[in-house]
Amino acid sequence: MDIIKDLLFGFSVATTPVNLLYCFAGVLVGTLVGVLPGVGPPAALSLLLPVTFHVPPVSAVILLAGIMYGAMYGGSTTSILVNIPGEAASVVTCLDGYQMARKGRAGPALGISAFGSFIAGTVSVVLLILLAPTLAKFALRFGPPEYFSLMVLGLSILVYLARGSIINALLIVCLGLLLGTVGLDPMSGSPRFIYKITTLMDGIGLVQVVIGLFGISEVLLNVETTFKQEIFETKIKGLLPNREDWKRSIGPIGRGTIIGFFLGIVPGMSVVIPTFVSYVLEKKLSKYPEKFGTGVIEGVAGPESANNAASGGTLVPMLSLGIPTGAATALLLGALMIHGLRPGPLLIKDSPEVFWGVVASLYVGNVMLLVLNLPLIGLWVKILKVPYHYLFSLIVLFCIIGSYVTNNNPYDVVIMGLFGLIGYAMKKLNYEAAPLVLALVLGPMMENALRRSLVLSEGSIGVFFTRPISAFFLIAGLLILFSPLFLKKRRLREDLRSGGE
Amino acid sequence: MNKRRIQMYLVLFLMAACFLWAAPSSAQDYPKGPIQIVIPFAPGGATDLFWRAVGDVLSKNLKVTVAFVNKAGGGGIVGMAPVVTSKPDGYTLCAGNSDTLNTTPLFTKDIPFDTINDLTYICKLAIFPQGMAARTESPFKTVEDVIAFAKENPKKLKAGVPGIGTSPHLASFMFNRDANVDVTTVAFGGGGEVVPQILGGHIDFAFISMPPVKAQYDAGKIRYLAFFAKKRHPLYPAIPTAVEKGLKRTVVETGIGLVGPKGLPPAIIKRWEEAAQQALKDPAVIAAVNKLDYVIDYKSGEDYKKEIVEEFADFKELMGKK
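What comes next is a walk through the structure.

Scoring rules and cut-offs
Residues numbered from 1 in each chain as written. Chains lettered and ligands numbered in written order. Predicted model: local features only at pLDDT ≥ 70, side-chain atom pairs only at ≥ 80, totals over all residues. Heavy atoms only, no water. Helix = DSSP H or I, 4+ residues; strand = E, 2+ residues; numbered from the N terminus. Rg over C-alpha atoms; globule rule 2.2 N^0.38 Å. Buried < 20%, exposed > 50% of the residue type's maximum accessible area, 1.4 Å probe, protein only. Contact = heavy atoms within 4.5 Å. Areas by Shrake-Rupley, 256 points an atom, 1.4 Å probe, with all protein chains shown as cover. Lys, Arg positive; Asp, Glu negative; His and termini not counted. Charge placed at Lys NZ, Arg CZ, Asp CG, Glu CD. Polar contact = N/O pair within 3.5 Å; in protein donor to acceptor, adjacent residues only side chain to side chain. Core = buried A, V, L, I, M, F, W, Y, C linked by side-chain atoms within 4.5 Å. Buried area = accessible area lost by both parts, 1.4 Å probe. Salt bridge = Lys/Arg side-chain N within 4 Å of Asp/Glu carboxyl O. Pairing = 2+ DSSP bridges. Axes fitted to C-alpha atoms, helices over the stretch in contact; angles between N-to-C directions. Patch = residues over 30% accessible without salt bridge, like charges linked within 9 Å, V, L, I, M, F, W, Y side chains within 5 Å. Arc of directions from axis to C-beta. Phe/Tyr/Trp six-rings, centres within 6.5 Å; stacked < 30°, edge-to-face > 60°. Lys NZ or Arg CZ within 6 Å of the ring centre and 35° of its normal.

Within chain B, the secondary structure is distributed over 11 helices and 11 strands. A compact globule built from 322 residues would reach a C-alpha radius of gyration of about 20 Å, and chain B, at 22 Å, matches this within 12%. Overall size of chain B, expressed as C-alpha extent along the three principal axes, is 85 × 45 × 40 Å. Counting the 322 residues in chain B, one finds 57% classified as buried. A separation of at least 24 residues holds for 78% of the contacts in chain B among residues at least 6 apart in sequence. Roughly 13400 Å² of accessible area belongs to chain B as shown, and the carbon and sulfur atoms make up 57% of that amount.

Here's what the structure looks like:
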């Protein structure tokens, strides 16, 4: 078995004391970056990039990769505790994670997301080793038409994301798609809905929308009610998931891992989309879909596994094709290039110690993260005991910092504040915020894919149906959209009743 | 009682901390405090990597911290706008890139400042030429192949570019003009998105610089047909230029330089010109710059501005004709 021999060689590289230290530093910084809302992996990576010029290439990449997947562990923390997603990839975690915390089950929620992340992280490394070359080739078959159909599939699952009425969810989706059109037209460069505001040239920032909709609006809601903090104080039951939690979570973790990994390898697919897909799938498979959104552990376990597996998946195009799938992987690629390495098909042959060293360090890093995160749960849960007049001020402070640092642009803070008000109004009127976030992610991608496809096909719509992968996605999307019509009457009635709540 | 006092001290301390950052403003003893350089692009892009590669040496030469801040958006306009209105004291500068200075204004309306007259040009450090690439399986082995096919099949060829208003997008117009063909361009979101489209054969070829396709070029999966440069690339002497192929004016060498707000004192410009020249002689910088495929091309502030203005006039004429 060559792979095992190579992997052992990788471990011999990754477990030298120096590399262990770099790995630990990476995952520690990553966890912190993940916990702080808005401070994403790219910011931390670009700050540390010059530092890595002076260390051997393997150590450099181990450090930087550690930051990347460490952030996925940390991202769930604030989602669960205070309803602010640390990263856009943790938006879905808010839905049930925060509700669990309000019921005094913050510990199990944090615990299952750490374990789920660990399992997903480890499994995706195995998949990465076994399937990287094959998968990379498959990913190349994604031209603009395939992307478009995949987005259609993505949008059609939105219907299931809604807890309340489907009409309301669709309204919010339309709002999200509209907001997604703000900015310079991607195909002609002409300004759309910018009103000469420079900040809007690149569209409305996802991070600002997410922090406003979830964080600020939650603070506003809580400030107006005389909230009984005793709920948090007295009823913190258990810090770790119990046997029942495990039984319910193991399926979602497995499915989340698979979904995350395979969607992660498609270049340009963000880490956000797999989390939504996983959540919707769990809701669909569940015996009690109506309980989703009220604090069920499956709603945390699935998406949190999906985002970790996806960040493993994004390494496939990077390591095997030399193609960055986002700012974080672009920086990782830059680090490799500055060290004179050639990421891409030649990496395994030219510098096996780098490739296998990094792969082995992913295992080592995942173990470290688990060890690091489990004891932290006790500490995080204590944060909930901080009196509200301090806690809320801190939350607002972190919202402001988080929305500022993504682009170091003060106007982004204004946008975040506006979305805080919008989020507040939406909560008052019983509209869900999560579909808006997904629509905002999907909208611009879908528009780009559609317009590029039509340029390539010289205006013919047939291109979406004649290409097999694209046709498959379209049909799957339509089936999902219309499947409620074919469901048994009893189930339908239940759906309607829960929708009326 | 103590709690209140501690709070008081904390507030005083924080207020004092705010003023620590106020930079001294005399041009003679420049630089005295940390210098902020805005990189108006996302981390990991060509401009960003260049500055991070030379940043340490610049800090050493100037004996102060040179801090880089990414403010991405609108082809560099979003990040450059606040620099234009900042105080011309040399402590807030911007990484200028030909894309932002003389290409984006051709494609984007409503830019809130004049990229020529509202800026001080400090110096130019390097270039990376644009060019065209196709996958190895493609029937296009040379520039002539592309031109011949395009002439026989007007509008049939589809070429990817990394985005509207970028240097490679501009290059596509030059190619169409000089070769007298009509290749359709499809804009993607950055070089990283174009590469899989070339490899998958979804586009016929792409207008793109070398760095994003390098991994695949080295592996023999992508063929680089030509550089749109005045002379052959020193690191790739085997790849021809478009000029050699008879496309006399197809030259797009994206320049990386430094700009600041209007009215920057000459002493500060001079200090930077020295620091940049010194940095570009540093062996560590030369090695890093070569590995990232840039070509060192130093120009003083005056020459840099002259070049940008000349190119801009040429580009405007090109776009006007279309």
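As a further point, take the overall build of chain A. For chain A, the count of helices and strands is 24 helices and two strands. Principal-axis analysis of the C-alpha atoms gives chain A an extent of 60 × 60 × 50 Å. Taking all 501 residues of chain A together, 60% fall into the buried category. A separation threshold of at least 6 residues defines the contact pool for chain A, and within that pool the share at least 24 residues apart is 80%. For chain A, the exposed area adds up to about 19700 Å²; of that, 71% sits on carbon and sulfur atoms. Put simply, chain A has 35 plus and 26 minus side-chain charges, and the middle of one group is 7 Å from the middle of the other.

With that settled, consider the side chain of Ser286(A). Counting through the fold element by element, Ser286(A) comes out in the loop between α13 (272-285) and α14 (298-313). In this structure the side chain of Ser286(A) is engaged in a polar contact, spanning 2.9 Å, whose partner is the backbone nitrogen of Tyr288(A).

Most often, soluble globular proteins have nonpolar side chains that are buried together. Grouped together as the largest cluster of nonpolar side chains are 147 residues, with contacts concentrated most on Ile37(B), Trp51(B), Phe175(B) and Trp272(B). Every residue in contact with Ile37(B), bar those within four places of it in the chain, is listed here: Trp51(B), Val66(B), Ala67(B), Phe68(B), Val69(B), Leu93(B), Cys94(B), Ala95(B), Leu258(B) and Trp272(B). Counting residues in hydrophobic clusters, the runner-up holds 74 residues, among them Leu153(A), Leu155(A), Phe214(A) and Val266(A).

Once that is clear, we can look at the side chain of Arg52(B). Tracing the backbone through its elements, the reader meets Arg52(B) in helix α2 (residues 46-62). On the basis of relative accessible area, Arg52(B) is assigned to the buried category, the value being 5%. Apart from residues lying up to four places away in sequence, Arg52(B) is in contact with Ser46(A), Leu49(A), Pro50(A), Phe53(A), Phe68(B) and Asn70(B).

This part is about the interface of chain A and chain B. Interface size is commonly expressed as the accessible area that is lost once the parts come together. Tallying the contact residues gives 50 residues for chain A and 48 residues for chain B. For the pair chain A and chain B, the summed buried surface comes to about 3900 Å²; carbon and sulfur atoms form 63% of the total. Taken together, chain A and chain B are joined by three salt bridges. Two residues, Glu458(A) and Lys156(B), come together in a salt bridge whose shortest N-O distance is 3.2 Å. The tally of links between chain A and chain B comes to 13 residue pairs in polar contact (both at pLDDT 80 or more). Sorting the residues of the side of chain A that touches chain B by element identifies α3 (41-52), α7 (144-156), α16 (327-338) and α21 (434-456) of chain A as the ones contributing at least two each. Examining the composition of the side of chain A that touches chain B, we find that six residues originate from one element, α16(A), more than from any other.

With that settled, the discussion passes to the sheet that holds strand β1 (residues 35-39) of chain B. Residue and element names in this part refer to chain B. Read across the sheet, six strands follow the order β2-β1-β3-β10-β4-β11 without closing on themselves; strand pairing throughout is mixed. A strand with exactly one partner marks an edge of an open sheet, and here the two such strands are β2 (66-70) and β11 (295-300). Across the sheet, the mean angle separating the axes of adjacent strands is 25° when strand polarity is ignored. Bridge count for strand β4 (residues 119-129) against β11 is four bridges, and the pairing is antiparallel. Paired with lysine 124 across the strands is lysine 299, a residue of β11. Helix-sheet contacts for helix α4 (residues 98-107) involve β3 (92-97), β4 and β10 (253-261), and the interaxial angle to β3 is about 60°.

Opposite charge on two side chains permits pairing when their charged atoms draw close. The final tally for this structure, using the stated rule, is 31 salt bridges over all chains. Between Glu146(A) and Arg467(A) there is a salt bridge; the shortest N-O distance is 2.8 Å. Pair noted here: Glu146(A) is in helix α7 and Arg467(A) is in the loop between α22 (463-466) and α23 (468-486), with a separation of 321 residues, a long-range link. Taking the relative accessible area as the measure of exposure, Glu146(A) reaches 3% and is therefore buried. Taking the shortest distance from any N to any O, the salt bridge between Arg249(B) and Glu317(B) comes out at 3.5 Å. Linking Arg249(B) in the loop between β9 (222-227) and β10 with Glu317(B) in helix α11 (residues 301-321), this pair joins segments that are 68 residues apart in sequence. Connected through shared salt-bridge partners, Asp185(A), Arg192(A), Glu447(A) and Arg451(A) make up one network.

Below, the discussion takes up unusual backbone geometry. In the segment running from Tyr30(B) into Pro31(B), the intervening peptide bond is cis, with an omega of -5°. For Phe193(A), which is not glycine, the phi dihedral falls at a positive 50°. Residue class for Phe193(A) comes out partly exposed when judged on its relative accessible area of 47%. Phi at Glu458(A) is positive, roughly 55°, even though this residue is not glycine. Tracing the backbone through its elements, the reader meets Glu458(A) in the loop between α21 and α22. Looking at Glu458(A), the relative accessible area reads 46%, which means it is partly exposed.

In this section: a nonpolar patch on the surface. All names here are of chain A. A surface patch of nonpolar side chains, about 380 Å² in accessible area, is lined by Leu36, Leu394, Leu397, Phe398 and Ile401. Turning to its location among the elements, leucine 394 is positioned in helix α19 (residues 388-405). In this structure leucine 394 comes out as partly exposed when scored by relative accessible area, which is 39%.

A word on helix α10 (residues 283-291) of chain B. All names here are of chain B. Those residues of α10 that fall on the buried side of the exposure criterion are Val285, Ala288 and Val289. Projected down its long axis, α10 carries its buried residues within an arc of 100°, all on one side. Residues of α10 that are buried make contact with α2, α9 (266-279) and β11. A distance of 2.8 Å separates the backbone nitrogen of alanine 284 from a side-chain oxygen at the start of α10, and that oxygen is part of aspartate 282. The first or second residue beyond α10 is aspartate 293, which carries a positive phi of 75°.

Let's shift gears to the packing of aromatic side chains. All chains considered together, the criterion is met by 26 aromatic pairs over all chains. With centroids separated by 6.4 Å and ring planes inclined at 65°, the aromatic side chains of Phe175(B) and Phe205(B) adopt a geometry described as edge-to-face. Separated by 30 residues along the polypeptide, Phe175(B) in helix α6 (residues 167-179) and Phe205(B) in strand β8 (residues 205-207) bring together distant segments of the chain. Like Phe205(B), Phe175(B) is buried. Ring geometry for Phe175(B) against Phe228(B): centres 6.5 Å apart, planes inclined by 10°, an arrangement best described as stacked. Remark: Phe228(B) occurs in the loop between β9 and β10 and Phe175(B) occurs in helix α6; sequence separation between them is 53 residues. No difference in accessibility class separates Phe175(B) from Phe228(B), as the two residues are buried. In this structure an aromatic cluster arises from ring pairing among Phe138(A), Phe142(A), Tyr147(A), Phe472(A) and Phe473(A). Positioned above the aromatic ring of Tyr288(A), the side-chain terminus of Lys291(A) is 5.4 Å from the ring centre.

Taken by themselves, the reported measurements are silent on function.
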